[in-house]
Amino acid sequence: MPSPLIVALDTAALDQALHWAGLVAPYAGFIKLGLEFFCANGPAGIAQFTQPVFLDLKLHDIPTTISGAVRAICAAPPALLTVHASGGPHMLEAARNAAEAACPEGRMRTRLLAVTVLTSLSDATLAECGVPGGATAQVLRLAQMALNAGADGLVCSGHEVAMLRDAFGPAPLLVVPGIRPQGSATADQARVMTPQHAMAAGASHIVVGRPITQAPDPAVAAAEILDMVT
Ligand code: C5P
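Criteria and cut-off values
Residues numbered from 1 in each chain as written. Predicted model: local features only at pLDDT ≥ 70, side-chain atom pairs only at ≥ 80, totals over all residues. Heavy atoms only, no water. Salt bridge = Lys/Arg side-chain N within 4 Å of Asp/Glu carboxyl O. Helix = DSSP H or I, 4+ residues; strand = E, 2+ residues; numbered from the N terminus. Buried < 20%, exposed > 50% of the residue type's maximum accessible area, 1.4 Å probe, protein only. Near = heavy atom within 4 Å. Polar contact = N/O pair within 3.5 Å; in protein donor to acceptor, adjacent residues only side chain to side chain. Areas by Shrake-Rupley, 256 points an atom, 1.4 Å probe, with all protein chains shown as cover. Nonpolar A, V, L, I, M, F, W, Y, C, P; charged D, E, K, R; others polar. Axes fitted to C-alpha atoms, helices over the stretch in contact; angles between N-to-C directions. Parallel < 35°, antiparallel > 145°, perpendicular 65-115°, else oblique. Left-handed = near helix turned anticlockwise from the far one by under 90°. Contact = heavy atoms within 4.5 Å. Pairing = 2+ DSSP bridges. Right-handed = clockwise from strand over helix to strand, strands pointing away.

Summed over the entire model, instances satisfying the criterion amount to 5 salt bridges. Across the pair Lys58 and Asp56 runs a salt bridge whose closest N-O atoms are separated by 3.0 Å. Measuring nitrogen to oxygen at the nearest pair gives 2.6 Å for the salt bridge that ties Arg96 to Glu100. Taken together, the residues Arg96 and Glu100, both in helix α4 (residues 89-102) and 4 residues apart, mark about one turn of the helix. The exposure class of Arg96 is partly exposed, given its relative accessible area of 22%. What you see here is one network of salt bridges that share partners, running through Arg96, Glu100, Arg109 and Asp152.

Asp10, Arg180, Gln189, Gly209 and Arg210 are the nearest of the 13 residues found near the ligand. Between the ligand and the protein, one listed contact pairs a nitrogen atom with a side-chain N or O atom of Thr119 at 2.9 Å. The separation between an oxygen atom of the ligand and a polar main-chain atom of Gly209 is 2.8 Å. Compared with its free state, where it exposes 460 Å², the ligand has 82% of that area covered by protein. Only β8 (205-208) and α9 (210-213) provide two or more residues apiece to the shell around the ligand. The residue makeup of the shell around the ligand, split by class, is 5 nonpolar, 3 polar and 5 charged.

This part takes up the packing of helix α3 (residues 63-73) against α4. The interhelical angle for the contact between α3 and α4, taken along N-to-C directions, is 30°, at an axis separation of 8 Å. The pairing of α3 with α4 is recorded here as roughly parallel in orientation. Seen along the crossing, α3 lies across α4 with a hand that is right-handed. From α3, Pro63, Ile66, Ser67, Val70 and Arg71 reach across to α4, where they touch His90, Met91, Ala94, Ala95, Ala98, Ala99 and Ala102. Of the residues assigned to the contact of α3 with α4, the class counts are 9 nonpolar, 2 polar and 1 charged.

With that out of the way, let us pick up the pairing of strand β2 (residues 30-34). Within β2, 5 of the 5 residues are buried, leaving the element largely enclosed by the surrounding structure. Here β2 shows two buried faces, one formed by Phe30, Lys32 and Gly34 and the other by Ile31 and Leu33. In terms of strand pairing, strand β1 (residues 5-8) meets β2 through 3 bridges, oriented parallel. Residue pairing in the sheet places Val7 in a bridge with Ile31 of β2. Between β1 and its parallel partner β2, the chain crosses via helix α1 (residues 14-24), and the hand of that crossover is right-handed. Taken together, the 4 bridges between β2 and strand β3 (residues 53-59) define a ladder with parallel strand orientation. Note that in β3 the partner of Ile31 across the bridge is Val53.

Taken by themselves, the reported measurements are silent on function.
Pasting the structure below:
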C-alpha cells in the first residue's frame, strides 16, 4: 500500500528541502512544497525531487489565468496541486482541463485538491467576509461544488474529515494537515488531531511538517508516524 504520509518541507532553501526529502524518502508517499519554496525556486526547484510532489500553491484567479498557470506548472507536473474552491466552478473546470491537456505523455495527471475554508478563518471572520452561517456549512457547500467541477479531492482539517467522507463516499482524496502525534508541540496549529484519529475519521493522507522536520532525527520521526497509521 502506498504511504499515506505527506511530509511538509516548509523552507525556501532548496538544499534543506532536498536534505529532508532524502531522509524521509522511505516513509513519505509525497513531499509537500509550498509558496515559500516555489517563490524562491520555481518549477526548476520542483524538478529536483525524485519522489511525488504535492505543490501547495492555493491558486485563486480568473479561469484563463488559472488555466495558464496550471499549464505552466504541469511542464514538471506535481502529483498534487491545491486551488481555492472559492474561485468557483469555472475556475476549477479550467484547472482540471489544463491539468489534463498539459500532462506529458506517460505521466500521471496532476491531481487537483480544493481548499474550502482556510482553517485560520473563524465563523466571525467568515461573517465579516460576507459568509454568514459558519464554516461547517460553507465547507460542505464548497466541497460539493468543487468535486462536481472536477476536483480530485479536498484539503480539510481533522475536524471536518468524517463529515466530508460521510457526504462524498470513498472516492475523493481527503488530505488533512494540522497533525500532531500525542504529546508533541502544537506550535501555531490550534485545531490538531493525532495521525491515528485523522486516518480513522477517513483521511486518505495526513500532512505532517515540523513534528518531522524539527525532530532530532527526521527519518525516525517519519518512520514512527507511518507506523502509527499502517
Ligand atoms: O508543521 P506543520 O505540521 O504544522 O505543517 C503543516 C503544513 O500544512 C504546513 O505546510 C501548513 O502550511 C499546511 N497547512 C495547514 N493547515 C491548513 C492547510 C495547510 O497547516 N489548513
